[in-house]
Structures are given as structure tokens and as C-alpha cells.
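Per-entry structural report
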Amino acid sequence: FPSHDRAMEEKGVRTGREMISGHSLGEYNALGSLGIFPDDVKWELVYQRGLSMQNILSTPEFAGQSYRMVSVKPHYYQETSGSGITSVTKPVNGKRLTEIVDQVMKANGEFIQVVNLNTQDQAYSVVGTLTGIEALKSFLDNELSRVSGKEGPGVIDIEGVLVPFHSVKLLPGV
């Protein structure tokens, strides 16, 4: 972080007039870069946040649960309503993806939640139990059709993320 700030200043990228933002742990770096608090305070806050998350994850609610995070590209999917001459096919947008996630969660009783809008209607982070995520993938693959010309997966597993980050499950630790 501090070396990154110095490198940006040396290259003339930081002039002191720009706005800096971050997401999740990046928020601490952004605030530290602006001089809101010194590095030792930043590291202590990050450490305490980690302890808070660890304490939540050690509660009985999380015992034996396997969580995953995926990135979903809703614009890779479309759905058709009606039939024959009155059928209408439209792409899935972010709002509809959130409805689908809620529908799948209610149908199978497993936790899943859209937790981050990365790019509107194109990339959304979703966390949930392993079973919930698999149910969502199944719904997308079996109940919707793919938009012609969209190559690659419509759902991408985020490897190594085994915690329901940014979800209501971790709200008590924020």
C-alpha cells in the first residue's frame, strides 16, 4: 500500500487532487492513502475486521457449511415467455438475476445472495452455500437459454472464496 502510493506519486499519477475509493478491504487502503489515518491504524483495522469475520464463522450457524462465490453474467442468458406467435424472448438483466436468485433460494431452502454489482447487467457476484450455488447454476442452464454469440461460461467460480463475503450472513461482523 504505502509503496504503491509512492510509485503512483513518482509517476505523476497522484497529484493530491484526485478522489480515491476502494471496495471491501480496498476501502482501508483508500482512506489510508488520503491520510485519513496512518498505516498502523489501517493495519489494526484490517486485523480487527478479520478477527470479527473469524468469530462469526466459528458460530454454530456456519458449522459444516460450505460457501462459494461466483460471478454471473446475466446478459449471457435470455428467457422466453408466451408461446408460438405471441412468444417474447428478452435478455436477463441484473434486476431479473436478483429475482431468479431469490426464487432459487426459496425453492431449495439454501442460502444464495447477489452481493455485488460489478458491471450493470453484465457481471454480478453471488455467494451462497455450495448446494445453493449449484441450484442457481442448474436453473440458469436448464430454465433459460443462452444468447447467441456469447462464448464462454455464464457463471464463473471464484476459486478460493469459501466465505459468504458481503452477504447478510456476515452483517453482524461489519
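None of these values were measured; they are calculated from a predicted model. (Residues numbered from 1 in each chain as written. Predicted model: local features only at pLDDT ≥ 70, side-chain atom pairs only at ≥ 80, totals over all residues. Heavy atoms only, no water.)

1. A look at the overall build of the protein chain
Counted only if it meets this: A run of H or I in DSSP counts as a helix once it spans at least four residues, and a run of E counts as a strand once it spans at least two, with each numbered from the N terminus. Relative accessible area decides the class of each residue, using a 1.4 Å probe on protein chains only: under 20% of the type maximum gives buried, over 50% gives exposed, and in between gives partly exposed. Two residues qualify as a contact provided that any one of their heavy atoms is within 4.5 Å of a heavy atom in the partner residue. All accessible-area figures derive from a Shrake-Rupley calculation using a 1.4 Å probe, and residue coverage is judged against the displayed protein chains alone.
Scanning the protein chain from N- to C-terminus turns up five helices and seven strands. Secondary structure elements of the protein chain occur, N-terminal to C-terminal, as α-α-α-β-β-β-α-β-β-α-β-β. Every one of the 174 residues in the protein chain was classed for burial, and the buried ones make up 33%. Considering only contacts in the protein chain between residues 6 or more positions apart, those separated by 24 or more positions represent 61%. Accessible surface, the protein chain as shown: approximately 10,600 Å² in total, 53% of it carbon and sulfur.

2. Some words on the side chain of Glu-79
For clarity, the cut-off: Residues adjacent in sequence count toward polar contacts only when both atoms are side-chain atoms; beyond that, a polar contact is any pair of N or O atoms within 3.5 Å, and within protein one must be able to donate a hydrogen and the other to accept it.
Assignment of secondary structure puts Glu-79 in strand S2 (residues 77-81). At 2.6 Å, the side chain of Glu-79 forms a polar contact with the side chain of Arg-96.

3. Here we look at the sheet that holds strand S3 (residues 88-91)
To keep it simple, the criterion reads: For two strands to be treated as a pair, DSSP must find at least two bridges joining them.
The strand order across the open sheet built from three strands is S3-S2-S6, with neighbouring strands paired in antiparallel fashion. Here the strands that pair on one side only, and so sit at the sheet edges, are S3 and strand S6 (145-146). Two elements, S2 and S3, share four bridges in a ladder whose sense is antiparallel. Along S3, the bridge assignment pairs Ser-81 with Val-88.

4. Focus on the pattern of salt bridges
Pairing is possible between side chains of opposite charge, provided their charged atoms come close. What counts here: What counts as a salt bridge is simple: a side-chain nitrogen of Lys or Arg found within 4 Å of a carboxyl oxygen of Asp or Glu.
According to the stated counting rule, one finds six salt bridges in the structure shown. With its nearest N and O atoms 3.9 Å apart, the salt bridge here joins Lys-95 to Glu-99. Of this pair, Lys-95 and Glu-99 both sit in helix H4 (residues 94-108), separated by four residues, roughly a single helical turn. Note that Lys-137 is salt-bridged to Asp-157, the shortest N-O span being 2.9 Å. Taken together, the residues Lys-137 in helix H5 (residues 130-143) and Asp-157 in strand S7 (residues 155-157) connect sequence positions 20 residues apart. On the accessibility criterion, Lys-137 (17% relative accessible area) is buried.

5. As for H5
Condition: One less than the residue count of a helix, multiplied by 1.5 Å, gives the span that helix is expected to have. The arc in question is traced by the directions running from the helix axis to the C-beta atoms.
Taking 1.5 Å of rise per residue, 14 residues should cover 20 Å, and H5 covers 20 Å from first to last C-alpha, within 8% of that figure. Taken together, the buried positions of H5 are Gly-132, Ile-133, Leu-136, Lys-137, Phe-139 and Leu-140. Across the axial projection of H5, the buried residues extend over an arc of 160°, all falling on one side. For H5, the exposed residues lying more than 90 degrees away from the buried face are Asp-141 and Asn-142. Where H5 is buried, its residues touch strand S1 (67-72), S2, H4, strand S4 (112-119), strand S5 (123-129) and S7.

6. So, the pairing of S4
A regular strand carries its side chains on alternate faces of the sheet. Strand direction decides the pairing type here: S4 and S5, joined by six bridges, are antiparallel. Residue pairing for S5: Ile-112 is matched across the bridge by Gly-128. The antiparallel hairpin formed by S4 and S5 contains three residues in its connecting segment, where Asp-121 sits at a positive phi of about 65°.

By themselves, these observations are geometric and do not establish any function.
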